[in-house]
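# Coordinate analysis (summary)
What follows is the residue order along each chain.
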Amino acid sequence: MKWNHLYSNMRTMWSQQWKRGTSLVLASSFALLTACGSASTAGTSDTATNGSPSNAPTAAQAPVEIEFWYGLGGNLGDNMKKMIDNFNSSQDKVVVKGIVQADYTETEQKLQAAIASGKVPAAVLGSNVDWARKGYYASVDDLIAADPEFNKEDYVQTFLQQGQVDGKQYFLPMYGTTQVMYYRMDTLKEHGIDPATLTTWEALADAAAKMTKQENGKTTFYGWEPMWGKDNMIDAVFSKGGQILSDDGKTVMIDSPEWVETWELFRKWIHEDKIMGIQYGGQGWEYWYKTIDDVLKNKAAGYTGSSGDQGDLDFSIVAAMEQPGWEGVGEGKPVAEARMAGILAKASPEQQQAAFEWLTYFSEASNTAQWSMNTGYIAVRQSAQEDPAFKEFSAKNPQITVPLQQAAHGSSPFQDPTGGKINEALKDAADEVQIKNVPAAEALKKAKEKAQKELDRLNK
């Protein structure tokens with residue numbers, strides 16, 4: 001660890017100072033003996049009476065303790081705790097105290113209150129571009145420059161770049177994620193469906209209709225379950241060529257035909273055809289795990305979820321495939337996003353350095369490879385793919401390569417210039433379509449008006 005290297009250098013410096021101080025004392029004592037014939041008045045200004053240098057540490061320096069906030073549950077939360085424990089036991093200069101939040105949203109809400117009070121954690125799993133611009137997060141450029149072991153080129157560049165704001169590095173990638181498709185192998189086989197043919201949303205909808213079971217007008221087995229929220233439907237829009245803002249960044253585009261057509265199909269599949277279901281509500285990630293359970297407990301043929309779900313899945317039951325594209329358009333272009341961590345500007349310099357040590361430890365090649373194997377998330381270092389354990393694991397578990405393959409042609413995540421107001425409008429619109437059965441054109445028009453007002457206010 002770099003802390004041990006630093007400590008070794010400091011210990012060498014203290015040793016050299018002790019030697020120089022001792023030599024000065026001996027020389028002074030010899031001079032006094034010669035002049036006065038007595039050693040009783042020999043000076044000891046640089047050396048204590050016990051022969052130790054007066055400026056040497058008398059006790060081991062206490063470790064720097066920092067808080068790291070993260071909103072992960074289930075297998076992800078367990079693996080994060082293991083990683084923190086491994087870091088704490090690997091050195092004696094930093095102690096990371098993990099503080100678990102319900103999810104990413106709660107983490108940001110509590111962080112906002114902490115920033116207002118001035119009592120902040122040193123680091124947090126989360127990134128907010130607007131808050132970085134406001135100075136709530138500290139740039140890590142100086143910490144990177146002072147660390148000879150930080151290898152920028154080895155990071156997956158699209159992930160590292162997502163942590164940059166106005167040309168400065170504010171956030172460091174901890175792992176990459178993209179939403180992929182998980183399906184029950186037995187159900188598809190039972191219905192004679194080859195997963196290799198499900199390369200478009202139209203084909204997936206046809207397969208979902210074939211696999212859906214209904215009794216008395218009520219669906220008892222869903223052919224597919226999209227994940228609740230805006231993200232899965234935004235992925236589908238991007239795959240059709242839609243965009244959130246115009247190229248000049250001045251116009252909100254979420255009422256374009258690509259948006260309306262795509263979201264209206266999801267509304268139809270959920271509420272009219274009833275071939276797709278949505279689990280929603282609950283505390284934290286409750287809806288997410290209910291969706292997973294529906295598939296594992298044979299209540300649905302498949303679902304769209306995170307690459308990070310792989311640690312919670314039984315791959316003797318399910319398999320993974322990439323998200324589909326659209327007929328006549330091409331392959332899917334879902335978002336491939338880095339989950340990043342930031343260091344708070346109000347943390348002390350010592351805490352900021354300690355936080356940097358923790359975050360860079362997490363992304364060391366062997367550690368990010370292990371995280372990928374345990375969770376399914378994408379490793380953030382290119383060299384992780386050469387890790388012997390990762391090579392062996394991927395040969396036996398091909399599902400681990402699906403997120404990597406999808407990320408190769410994925411879309412970059414939307415950076416909301418309004419500090420979250422556009423994303424908030426999209427979130428509300430998604431709820432209206434998925435839960436309330438509001439026509440997509442109506443929901444998106446309302447969201448566009450709200451988002452455009454916020455964007456106009458920013459541009460003025």
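Scope of this entry: the structure provided in the associated data block. Please read all numbers here as calculations on a predicted model, not as lab measurements.

## Focus: the overall build of the chain
Each helix and strand in the chain was counted, giving 17 helices and 11 strands. A total accessible area of about 21,900 Å² is found for the chain, and carbon and sulfur atoms account for 49% of it.

## Structural notes on the pairing of strand S8 (residues 218-221)
Where strand S7 (residues 213-215) meets S8, three bridges bridge the pair, whose relative direction is antiparallel. Residue pairing across strands places Gln214 opposite Thr219, the latter belonging to S8. The loop that links S7 with its antiparallel partner S8 comprises two residues; one of these, Asn216, has a positive phi angle of about 55 degrees.

## Overview of the nonpolar core
Within the largest apolar cluster, 70 residues are counted, with the highest numbers of intra-cluster contacts made by Phe68, Leu72, Met80, Met174, Tyr175, Trp358 and Trp371. Take this core: its biggest share by element is seven residues, from helix H12 (residues 349-362). Every residue in contact with Trp371, bar those within four places of it in the chain, is listed here: Leu72, Leu76, Asn79, Met80, Met83, Tyr175, Phe362, Gly376 and Tyr377. By size, the runner-up hydrophobic cluster in this structure holds 48 residues, among which are Phe221, Ala236, Ala440 and Ala451.

## Concerning the packing of aromatic side chains
Note on aromatic pairs: each is described by the distance of the centres and the angle between the planes. Applying the stated criterion across every chain, the model contains 26 aromatic pairs. Judged by centre distance (4.4 Å) and plane angle (45 degrees), the ring pair of Tyr175 and Tyr377 falls under tilted. Of this pair, Tyr175 sits in strand S6 (residues 171-184) while Tyr377 sits in the loop between helix H13 (365-375) and helix H14 (388-396), and the two are 202 residues apart along the sequence. Looking at Tyr175, the relative accessible area reads 0%, which means it is buried. Aromatic side chains Trp358 and Tyr361 sit 6.5 Å apart centroid to centroid with 25 degrees between the ring planes, which places their arrangement in the stacked category.

## Re the pattern of salt bridges
Per the stated rule, a full pass over the model turns up 21 salt bridges. In this structure, the salt-bridge partner of Lys230 is Asp231, at a minimum N-O distance of 3.0 Å. Between Lys268 and Asp273 there is a salt bridge, with the nearest N and O atoms lying 2.8 Å from each other. Overlapping salt bridges, with partners in common, bring together Glu264, Arg267 and Glu272 in one network.

## Some details on the pairing of strand S11 (residues 336-343)
Most of S11 is tucked away, with six of its eight residues classed as buried. Pairing of strand S3 (residues 123-125) with S11 involves three bridges; the strand directions are antiparallel. In the strand pairing of S11, Leu125 is matched with Ala341. Judged from the seven bridges that link them, S6 and S11 form a sheet pairing that is antiparallel. For Phe171, the partnering residue across the bridge sits in S11 and is Gly342.

## Some points on the side chain of Arg267
Its location among the elements puts Arg267 in helix H10 (residues 257-272). Overall, Arg267 belongs to the buried group, its relative accessible area being 8%. Side chain to side chain, Arg267 and Asn437 meet in a polar contact 2.7 Å long.

## Topic: unusual backbone geometry
Trans peptide bonds make up the majority, and among non-glycine residues the majority have a negative phi. Of note in this structure, Asn216 is not a glycine but carries a positive phi near 55 degrees. For Asn216, a relative accessible area of 85% puts it in the exposed group.

## Notes on the side chain of Thr200
Secondary-structure assignment places Thr200 in the loop between helix H7 (185-190) and helix H8 (201-211). Residue class for Thr200 comes out buried when judged on its relative accessible area of 13%. Here Thr200 is in contact with Pro324, Gly325, Trp326 and Glu327, once residues within four sequence places are set aside.

## Brief notes about the packing of helix H2 (residues 74-90) against H13
In contact at an axis separation of 10 Å, H2 and H13 are set at 155 degrees when each is read in the N-to-C sense. Taken together, H2 and H13 sit at an angle that is classed as roughly antiparallel. Once H2 is placed against H13, the crossing between them reads as right-handed. Between H2, through Asn75, Leu76, Asn79, Met80 and Met83, and H13, the contact on the second element is made entirely by Asn367, Trp371, Asn374 and Thr375. The residue makeup of the contact of H2 with H13, split by class, is four nonpolar, five polar and no charged.

Thresholds, definitions, all that
Residues numbered from 1 in each chain as written. Predicted model: local features only at pLDDT ≥ 70, side-chain atom pairs only at ≥ 80, totals over all residues. Heavy atoms only, no water. Helix = DSSP H or I, 4+ residues; strand = E, 2+ residues; numbered from the N terminus. Areas by Shrake-Rupley, 256 points an atom, 1.4 Å probe, with all protein chains shown as cover. Pairing = 2+ DSSP bridges. Core = buried A, V, L, I, M, F, W, Y, C linked by side-chain atoms within 4.5 Å. Buried < 20%, exposed > 50% of the residue type's maximum accessible area, 1.4 Å probe, protein only. Contact = heavy atoms within 4.5 Å. Phe/Tyr/Trp six-rings, centres within 6.5 Å; stacked < 30°, edge-to-face > 60°. Salt bridge = Lys/Arg side-chain N within 4 Å of Asp/Glu carboxyl O. Polar contact = N/O pair within 3.5 Å; in protein donor to acceptor, adjacent residues only side chain to side chain. Axes fitted to C-alpha atoms, helices over the stretch in contact; angles between N-to-C directions. Parallel < 35°, antiparallel > 145°, perpendicular 65-115°, else oblique. Left-handed = near helix turned anticlockwise from the far one by under 90°. Nonpolar A, V, L, I, M, F, W, Y, C, P; charged D, E, K, R; others polar.

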